[in-house]
Structure formats: C-alpha cells, structure tokens
Amino acid sequence: MRDLSQLHDYINGARPEVRDYCLKHIDLYTKGRKRTHPGIQKKEGGFGQHILQVIERVLELNQECDQRELVECVLVHDLPHCDRLPFLSEAQMLAIAATKGKATYSDWRHTPHYKFVVLILIADMWSAFINEKNL
C-alpha cells in the first residue's frame, strides 16, 4: 500500500479551487470504493490508492500534456459531482465524462484534447486492471 501522504502533496500542488474541492472530500480518499472499483480498492484507503496509481501512471505516460492539469483531473475524477465543477478545463471535463461513459470515443477523438483524454482513460483502466488481479 502506498503512503497516502503523497496524495496530500499532489492536492497541495493543485490550483486553490481544486485543492479546496479535494480537501472538502478528503475523507473519501481514505475509504474503500464499494461499488465501482475492483479488488484492493474496496478496502480501507483503497480510493486513495487508486488515485495515486492513476496519477503515477498518467505522469509516466505523459509526453506533452500539462502535468498539473492531468493531476488535477485525476484528483477529482471520482469525487461527487466532479462533472459539474466550473473551474475545470474543457480537456478535464471531457476526460471525466469519458471515464464515466458519458463521452464516447466519437465525442472526443477529433478534439484537440484527445491525447489528454486517452492518458486519463489508460491510467484509470490500468489501475482497475491491476487492482482486480491483486486482491
């Protein structure tokens, strides 16, 4: 299990409005995700582990997208009502919609944000895959 203090470092590096939103929901990061996330993510601290895994993978794969924008998107992408946050960029909103199945491939593939969306989707699905295998 990763040290969740890393999560606080990422949150503190976000824009003030993103940081405030994450801190408002900080208790969720220490809980498990019962319905939508597999394997170890259902255990205590599993949600925070998922977020850290996604951040690490998206930063590893990133070649040209804004690093802070990617991290902010990952930090909020599974928080309640994240799809209604007025301070997120168009790329962040599109990626969040894609992770929730509300934006399809045909919705984002010809946008200037397609690389951003792909990074978020790959990292999110990778985390689900490894956690399903590691119960």
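The structure under discussion appears in the preceding block.
Its 16 residues give helix H4 (residues 46-61) an end-to-end C-alpha distance of 22 Å, which sits within 8% of 22 Å, the value for a rise of 1.5 Å per residue. Buried within H4 are the following residues: Gly46, Phe47, Gly48, Gln49, His50, Ile51, Leu52, Gln53, Val54, Ile55 and Val58.

This part takes up the packing of helix H1 (residues 5-12) against H4. For the pair H1 and H4, interaxial distance at closest approach is 10 Å and the crossing angle is 60°. The angle between H1 and H4 falls in the class oblique. When the axes of H1 and H4 are compared, the crossing they make is left-handed. In this structure, H1 uses Gln6, Leu7 and Tyr10 to contact H4, whose residues at the interface are Gly48, Ile51, Leu52, Ile55, Glu56 and Leu59. Across the contact of H1 with H4, the residue classes break down as 6 nonpolar, 2 polar and 1 charged.

Attention now moves to the state of the cysteines. Counted according to the given criterion, the structure contains 0 disulfides. The thiol of cysteine 73 is not disulfide-bonded; the next cysteine sulfur, from cysteine 82, is found 8.2 Å away.

Tyr29, Leu75 and Val76 are the most contacted members of the largest nonpolar core, which totals 39 residues. When residues of this core are traced back to their parent elements, those giving at least two are H1, helix H2 (16-24), helix H3 (26-29), H4, helix H5 (67-76), helix H6 (90-99) and helix H8 (114-133). When near neighbours in sequence (up to four residues on either side) are disregarded, leucine 75 contacts Leu7, Tyr10, Ile11, Ala14, Cys22, Tyr29, Ile51 and Ile55.

The next subject is the packing of aromatic side chains. With the rule as written, the count across this model stands at 3 aromatic pairs. An angle of 65° between the planes, with centres 6.4 Å apart, marks the rings of tyrosine 21 and phenylalanine 87 as edge-to-face. Taken together, the positions of tyrosine 21 in helix H2 and phenylalanine 87 in the loop between H5 and H6 put the pair 66 residues apart, joining distant regions of the chain. Since its relative accessible area comes to 11%, tyrosine 21 is described here as buried. Relative accessible area serves as the criterion here: at 22%, phenylalanine 87 is assigned to the partly exposed category. Consider the rings of tyrosine 105 and tryptophan 108, whose centres lie 5.3 Å apart with planes at 90°: the pair is edge-to-face. Here tyrosine 105 and its partner tryptophan 108 are both found in helix H7 (residues 105-108), 3 residues apart, which amounts to about one turn of the helix. With a relative accessible area of 8%, tryptophan 108 lands in the buried category.

So, how was this worked out
The residue numbering used here restarts from 1 in each chain and proceeds along that chain's sequence as written. In keeping with the predicted nature of the model, local features appear solely for residues at pLDDT of at least 70, side-chain atom pairs appear and are counted solely at 80 or more, and the whole-chain, interface and lining totals rest on all residues. No hydrogens and no water enter the side-chain calculation; it runs on all heavy atoms of the structure. Comment: elements are numbered from the N terminus, with helices defined as DSSP H or I runs of at least four residues and strands as E runs of at least two. What a helix is expected to span follows from its residue count: subtract one and scale by 1.5 Å. Exposed residues in this analysis have more than 50% of their type's maximum accessible area, buried residues have under 20%, and partly exposed residues fall in between, with area computed by a 1.4 Å probe over protein chains only. Only C-alpha atoms enter the line fits that serve as axes; for helices the fit covers just the stretch in contact. Angles between N-to-C directions range over 0 to 180 degrees. Reported orientations rely on four angle classes, namely roughly parallel under 35 degrees, roughly antiparallel over 145, roughly perpendicular from 65 to 115, and oblique for the rest. A crossing counts as left-handed when the near helix is turned anticlockwise from the far one by less than a right angle, and as right-handed when that turn is clockwise. Residue contacts follow a heavy-atom distance rule, with two residues in contact if any of their heavy atoms lie within 4.5 Å. Gly counts as polar in this scheme, as do all residues outside two lists: the nonpolar Ala, Val, Leu, Ile, Met, Phe, Trp, Tyr, Cys and Pro, and the charged Asp, Glu, Lys and Arg. Cysteine sulfur atoms that come within 2.5 Å of each other are treated as a disulfide pair. Side-chain atoms within 4.5 Å link the members of a nonpolar core, which is a set of buried Ala, Val, Leu, Ile, Met, Phe, Trp, Tyr and Cys residues. Aromatic contacts are taken between Phe, Tyr and Trp rings whose centres are within 6.5 Å, Trp giving its six-membered ring; a plane angle under 30 degrees counts as stacked, one over 60 as edge-to-face, and the others as tilted.

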